[in-house]
Amino acid sequence: MLHVDIPTRAEIEALMLDHGAARVSLVLPTTPLTQEAHADRIALKNLAGEAIEQLASHDKREVLAIEELLHDLIDDDDFWDVQANSLAVFVSPEGLRSFRLPNHLKPAVQVSDRFHVQPLLRTVTVPQSAYVLALAQNSVRLVAVSADLPAVEIRLNGMPKDVASSARKASIKDRSPSGRLQGSEGMKVRQAQYARKIDQALRLLLVGRETPLILAASEPMQSIYREVQSYPHLARTAIPQNPETQSDADLAASARAILDELFRDELAEIRSLFTLRASQGRTTSDLAQAARAATYGAIQLLLIDIDDVTPGTIDDEGTVTFADGPSAESYGIVDEIASRALVMGAKVMGVRKADIPGEASLAAIMRYQF
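Asker: Account for the packing of helix α1 (residues 9–17) against helix α11 (residues 333–343), with residues named and values stated.
Answerer: The interhelical angle for the contact between α1 and α11, taken along N-to-C directions, is 120°, at an axis separation of 10 Å. With respect to α11, the axis of α1 lies oblique. The hand of the α1/α11 crossing is left-handed. Residues Arg9, Ile12, Glu13, Met16 and Leu17 of α1 lie in contact with α11, whose contacting residues are Ala338, Ser339, Leu342 and Val343.

Asker: Explain unusual backbone geometry to me, and be specific about the residues and the numbers.
Answerer: Of the consecutive residues Glu219 and Pro220, the connecting peptide bond is found in the cis state with omega at 5°. Mapping Pro220 onto the fold places it in the loop between β8 (213–216) and α8 (221–228).

Asker: How would you explain the sheet that holds strand β11 (residues 311–314) if you had to name every residue and give the values?
Answerer: Read across the sheet, 3 strands follow the order β12-β11-β13 without closing on themselves; strand pairing throughout is antiparallel. The sheet terminates laterally at β12 (320–322) and β13 (331–332), the two strands that pair on one side only. Where β11 meets β12, 3 bridges bridge the pair, whose relative direction is antiparallel. What sits directly across from Gly312, in β12, is Phe322.

Asker: Can you break down a nonpolar patch on the surface residue by residue, with the values?
Answerer: A surface patch of nonpolar side chains, about 310 Å² in accessible area, is lined by Tyr296, Tyr368 and Phe370. Tracing the sequence through the fold places Tyr368 in the segment after β15 (362–366). Its relative accessible area of 39% is what places Tyr368 among the partly exposed residues.

Asker: Before we move on, can you summarise helix α10 (residues 287–295) with the specific residues and values?
Answerer: Given 3.6 residues per turn, any residue in an α-helix points the same way as the ones three and four places further on. Listed as buried for α10 are Leu287, Ala290, Ala291, Ala293, Ala294 and Thr295. Here α10 starts with a cap whose side-chain oxygen sits 3.2 Å from the backbone nitrogen of Ala288, and that cap is Asp286. Directly after α10, the chain includes Gly297, whose backbone phi takes a positive value near 70°.

Asker: Lay out the packing of helix α2 (residues 37–54) against helix α3 (residues 60–74) in plain terms, naming residues and giving numbers.
Answerer: At a closest axis distance of 10 Å, the pairing of α2 and α3 adopts a crossing angle of 175°. In terms of axis orientation, α2 runs roughly antiparallel to α3. Of the residues in α3, those in contact with Arg41, Leu44, Lys45, Ala48 and Ile52 of α2 are Val63, Ile66, Glu67, Leu70, Leu73 and Ile74. A class-by-class count of the residues in the contact of α2 with α3 yields 8 nonpolar, no polar and 3 charged.

Asker: Lay out the pattern of salt bridges in plain terms, naming residues and giving numbers.
Answerer: Summed over the entire model, instances satisfying the criterion amount to 17 salt bridges. Close ionic contact of Glu13 with Arg9 constitutes a salt bridge, the shortest N to O distance being 2.9 Å. Of this pair, Glu13 and Arg9 both sit in helix α1, separated by 4 residues, roughly a single helical turn. Assessed through its relative accessible area of 44%, Arg9 is described here as partly exposed. Between Asp18 and Arg23 there is a salt bridge whose closest N-O contact spans 3.0 Å. Classification of Arg23 by relative accessible area gives buried; the value is 6%. Salt bridges sharing partners connect three or more residues here, namely Asp113, Arg114, Glu336 and Arg340.

Asker: Requested: an account of the packing of aromatic side chains, with residues and values cited.
Answerer: Evaluated as defined, the whole model comprises 3 aromatic pairs. Residues Phe79 and Trp80 carry aromatic rings whose centres are separated by 5.3 Å and whose planes lie at 90° to one another, so their mutual orientation is edge-to-face. The pair formed by Phe79 and Trp80 is uniform in burial state, with each residue classed as buried. A ring pair is formed by Phe90 and Phe115, whose centres lie 5.7 Å apart and whose planes are at 80°; its orientation type is edge-to-face. Of this pair, Phe90 sits in strand β2 (residues 86–92) while Phe115 sits in the loop between β4 (108–114) and α5 (118–125), placing them 25 residues apart in sequence. On the accessibility criterion, Phe90 (2% relative accessible area) is buried. The rings of Phe90, Phe99 and Phe115 are connected pair by pair, giving a single aromatic cluster. The aromatic ring of Tyr331 is capped on one face by Arg114, whose charged end is 4.1 Å from the ring centroid.

What counts, and where the lines are drawn
Residues numbered from 1 in each chain as written. Predicted model: local features only at pLDDT ≥ 70, side-chain atom pairs only at ≥ 80, totals over all residues. Heavy atoms only, no water. Axes fitted to C-alpha atoms, helices over the stretch in contact; angles between N-to-C directions. Helix = DSSP H or I, 4+ residues; strand = E, 2+ residues; numbered from the N terminus. Parallel < 35°, antiparallel > 145°, perpendicular 65-115°, else oblique. Left-handed = near helix turned anticlockwise from the far one by under 90°. Contact = heavy atoms within 4.5 Å. Pairing = 2+ DSSP bridges. Patch = residues over 30% accessible without salt bridge, like charges linked within 9 Å, V, L, I, M, F, W, Y side chains within 5 Å. Areas by Shrake-Rupley, 256 points an atom, 1.4 Å probe, with all protein chains shown as cover. Salt bridge = Lys/Arg side-chain N within 4 Å of Asp/Glu carboxyl O. Buried < 20%, exposed > 50% of the residue type's maximum accessible area, 1.4 Å probe, protein only. Polar contact = N/O pair within 3.5 Å; in protein donor to acceptor, adjacent residues only side chain to side chain. Nonpolar A, V, L, I, M, F, W, Y, C, P; charged D, E, K, R; others polar. Phe/Tyr/Trp six-rings, centres within 6.5 Å; stacked < 30°, edge-to-face > 60°. Lys NZ or Arg CZ within 6 Å of the ring centre and 35° of its normal.

Pasting the structure below:
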């Protein structure tokens, strides 16, 4: 089992805006196997040593504070007992934040006046959680699926038990008082009533959320529910088997495959939009132009390569100065562009280079010609 700390957008923005004389960002691949964690500790110790060397010219008290915080983490047995596939550590003289991530990330050391947040963007780009609505005529349950916890059923007030009880009947075959609702037509009406009550029960939980809702249902309940439901983030793909024969863990496994599919579909739509906007002069893959656009809030959507560490600086006007190599006086250009775009309201997605049009370091779709 992976033990994961998924950062929120607010946490990422707070790291982006945290500037100071000494900011250290460390990334390393890890293993969830506790018996192999010793090698990960050594890897972090080595990366920390590289960072301390780069801080040689900084205030000695600040360097000592950073070194002590890193050593405290390295020596924390309980922390190393529960890991995921990667670890990102952000440390300054004022404190340390760490995130255990499900992604497989490359080792990295960044020392600058700001944190290197690119590795976190992949985690919040790929959907990590969902709700599964396991719907059948004789039962319904809502299952929460996440990257770091076992699937768990959520109890909701107002959720009906089955078709018959939602219609206040002992059996779905009972006639209405007028005798009108009977046969297959009456069955469909009662199923629709059942589906509407389920949708109503879900509203209080789902209002304002963007978490995907995945339907696990066979026909005709699957189609009937889609006709009456109101949640805009119901996934097009469903789990088509009868959910009464599947455990919560089975549903979670199917849901995670659908989340991967949703991400692939979203990338395909973005590539199509990029092609359209390129014909209108509203895209760029040029770092210098993207830096200016991010600074002035012109970027609507930004794809970045989470592994790109092109060093340099960007001034307050958005002008890029490239550096010959990494140093404490520079930082990742792509990372800084992503930070500025996100703070200015753009949608920023951390992906692999192969997912970016032209396999560039980034691809930006503009709000207008820039």
